[in-house]
Amino acid sequence: SIHEKFSLPELTVKVPALLILGEKDYFLKFPGIEDYIRSGKVKDFVPNLEIIRLSEGSHFVQEQSPEEVNQLVLTFLNKHV
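Computed from a prediction, not measured in an experiment: that's the story for all the values here.

What counts, and at which threshold
- Residues numbered from 1 in each chain as written.
- Predicted model: local features only at pLDDT ≥ 70, side-chain atom pairs only at ≥ 80, totals over all residues.
- Heavy atoms only, no water.
- Helix = DSSP H or I, 4+ residues; strand = E, 2+ residues; numbered from the N terminus.
- Buried < 20%, exposed > 50% of the residue type's maximum accessible area, 1.4 Å probe, protein only.
- Lys, Arg positive; Asp, Glu negative; His and termini not counted.
- Salt bridge = Lys/Arg side-chain N within 4 Å of Asp/Glu carboxyl O.
- Polar contact = N/O pair within 3.5 Å; in protein donor to acceptor, adjacent residues only side chain to side chain.
- Contact = heavy atoms within 4.5 Å.
- Pairing = 2+ DSSP bridges.
- Right-handed = clockwise from strand over helix to strand, strands pointing away.

**Student:** What's the story with the side chain of Asp25 in this structure? I'm lost.
**Tutor:** In this structure, Asp25 sits in the loop between strand S1 (17–22) and helix H2 (33–38). Although Asp25 lies buried, it forms no salt bridge, and the closest oppositely charged side chain, Lys29, sits 9.3 Å away as judged by the N-O distance. A polar contact of 2.8 Å, which involves the side chain of Asp25, links it to the backbone nitrogen of Phe27. There is a polar contact of 2.9 Å between the side chain of Asp25 and the side chain of His59. Setting aside anything within four residues of it in sequence, one finds Asp25 in contact with Gly57, Ser58 and His59.

This is the structure we're talking about:
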């Protein structure tokens, strides 16, 4: 495999992870990014990823909706700690 050939570390994130994504995030416009996330392909590398989409959020959801983001993070942590 490529990992053995080049002595690359394991590239899979195995711990639970949370992605809070604003639907209006300009990052989604970069070629392939939106499809990578929406198709679930991202879970090939982060299998325990929980994705929460905020319909009115942009790239700075933590600044636009701090109370909602804080609650989402606390809920996530309470599920996994």
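**Student:** Sorry if this is basic, but what is going on with the pattern of salt bridges here?
**Tutor:** Any two side chains of opposite charge can pair, given that their charged atoms come close. Applying the stated criterion across every chain, the model contains 6 salt bridges. With its nearest N and O atoms 2.5 Å apart, the salt bridge here joins Arg38 to Glu23. Highlighted residues: Arg38 in helix H2 and Glu23 in the loop between S1 and H2, separated in sequence by 15 residues. Taking the relative accessible area as the measure of exposure, Arg38 reaches 39% and is therefore partly exposed. Taking the relative accessible area as the measure of exposure, Glu23 reaches 27% and is therefore partly exposed. For the salt bridge of Glu34 with Arg38, the shortest nitrogen-to-oxygen distance reads 2.8 Å. Placement of the pair is Glu34 and Arg38 together in helix H2, with a separation of 4 residues, close to one helical turn. Residue classification places Glu34 among the partly exposed positions, given a relative accessible area of 25%.

**Student:** In this structure, what is going on with the pairing of S1? I would like to understand it.
**Tutor:** Taken residue by residue, a regular strand's side chains alternate between the two faces of the sheet. Here S1 runs beside strand S2 (residues 49–54); their pairing, made up of 6 bridges, is parallel. Each residue of the ladder has a partner; that of Gly22, found in S2, is Leu54. A crossover links S1 with its parallel partner S2, the connecting element being H2, and its sense is right-handed.

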